[in-house]
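Structure assessment
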Amino acid sequence: MLSWMAWTVPTALVFVGIFAAIGILIVLEIRRPGGDERKGALRLTTTRGDRLFISLLGTSYIFLAWLGLTDMLLWTPLALSIGWGVFCFWKV
């Protein structure tokens, strides 16, 4: 049924993680409306959703650059991406 895409466990975990993050943001928005706006290191006024988008976009660039420049294992870009996500939600 889903043979049009190479569904593997890592691929499914990525999608589950993204949907879980969106679900958490929905719950946070219901509990505390307004998106928790603030100005961060980039001097942009961002909400929680903006910070999630920036962190996901940065993560995809980190992994694509890693895959394009080296053939080493993916643990290093995973650590870099987690650090980037923490930075985005803490300082951006």
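For the structure given in this document, a descriptive report is provided here. (Residues numbered from 1 in each chain as written. Predicted model: local features only at pLDDT ≥ 70, side-chain atom pairs only at ≥ 80, totals over all residues. Heavy atoms only, no water.)

1. Overview of helix H3 (residues 75-91)
The end-to-end C-alpha distance of H3 is 24 Å, a good match for the 24 Å that 17 residues give at a rise of 1.5 Å each. By the burial criterion, the buried members of H3 are Pro77, Ser81, Gly85 and Cys88. Taken around the axis of H3, the buried residues stretch over an arc of 85°, which confines them to a single face. In H3, the exposed positions that point more than 90 degrees away from the buried face belong to Trp75, Ala79, Ile82, Val86 and Trp90. (Helix = DSSP H or I, 4+ residues; strand = E, 2+ residues; numbered from the N terminus. Expected span 1.5 Å × (residues − 1). Buried < 20%, exposed > 50% of the residue type's maximum accessible area, 1.4 Å probe, protein only. Arc of directions from axis to C-beta.)

2. Considerations on the packing of helix H2 (residues 48-69) against H3
Packed helices, taken two at a time, are described by the angle their axes make and the gap between the axes. Taken N-terminus to C-terminus, the directions of H2 and H3 make an angle of 160°; their axes are 9 Å apart at the nearest point. With respect to their mutual orientation, H2 and H3 come out roughly antiparallel. By crossing handedness, the relation of H2 to H3 is classed as right-handed. Judged by residue contacts, Arg48, Arg51, Leu52, Ile54, Ser55, Gly58, Thr59, Ile62, Phe63 and Trp66 of H2 engage Thr76, Pro77, Leu78, Leu80, Ser81, Trp84, Gly85, Cys88 and Phe89 from H3. (Axes fitted to C-alpha atoms, helices over the stretch in contact; angles between N-to-C directions. Parallel < 35°, antiparallel > 145°, perpendicular 65-115°, else oblique. Left-handed = near helix turned anticlockwise from the far one by under 90°. Contact = heavy atoms within 4.5 Å.)

3. Concerning the side chain of Ser55
The residue Ser55 is located in helix H2 in this model. For Ser55, a relative accessible area of 6% corresponds to the buried category. Every residue in contact with Ser55, bar those within four places of it in the chain, is listed here: Trp84, Gly85, Cys88 and Phe89.

4. What about unusual backbone geometry?
Backbone geometry places Asp36, a non-glycine residue, at a positive phi of 55°. Here Asp36 lies in the loop between helix H1 (9-31) and strand E1 (38-39).

5. Some points on the layout of surface pockets
Of the volumes computed, that of the largest pocket is approximately 620 Å³. Elements represented by at least two residues in the lining of the largest pocket include exactly H1, H2 and H3. No other element matches the seven residues that H1 contributes to the lining of the largest pocket. Residue composition of the lining of the largest pocket, by class: 11 nonpolar, seven polar and no charged. (1 Å grid on protein atoms, 1.4 Å probe; cavity = no way out; pocket = protein on both sides within 12 Å on 5 of 7 lines; lining within 4 Å. Points joined across faces, edges and corners; volume = space filled by probe spheres on them. Nonpolar A, V, L, I, M, F, W, Y, C, P; charged D, E, K, R; others polar.)

6. Some details on the packing of aromatic side chains
Enumeration according to the criterion identifies two aromatic pairs in this entry. Sitting over the ring of Trp90, Lys91 keeps its end group 4.7 Å from the ring centre. (Phe/Tyr/Trp six-rings, centres within 6.5 Å; stacked < 30°, edge-to-face > 60°. Lys NZ or Arg CZ within 6 Å of the ring centre and 35° of its normal.)

7. Topic: the environment of Thr76
Relative to the assigned elements, Thr76 resides in helix H3. Placed 10 residues apart in sequence, Thr76 and Trp66 show a C-alpha to C-alpha distance of 8.8 Å.

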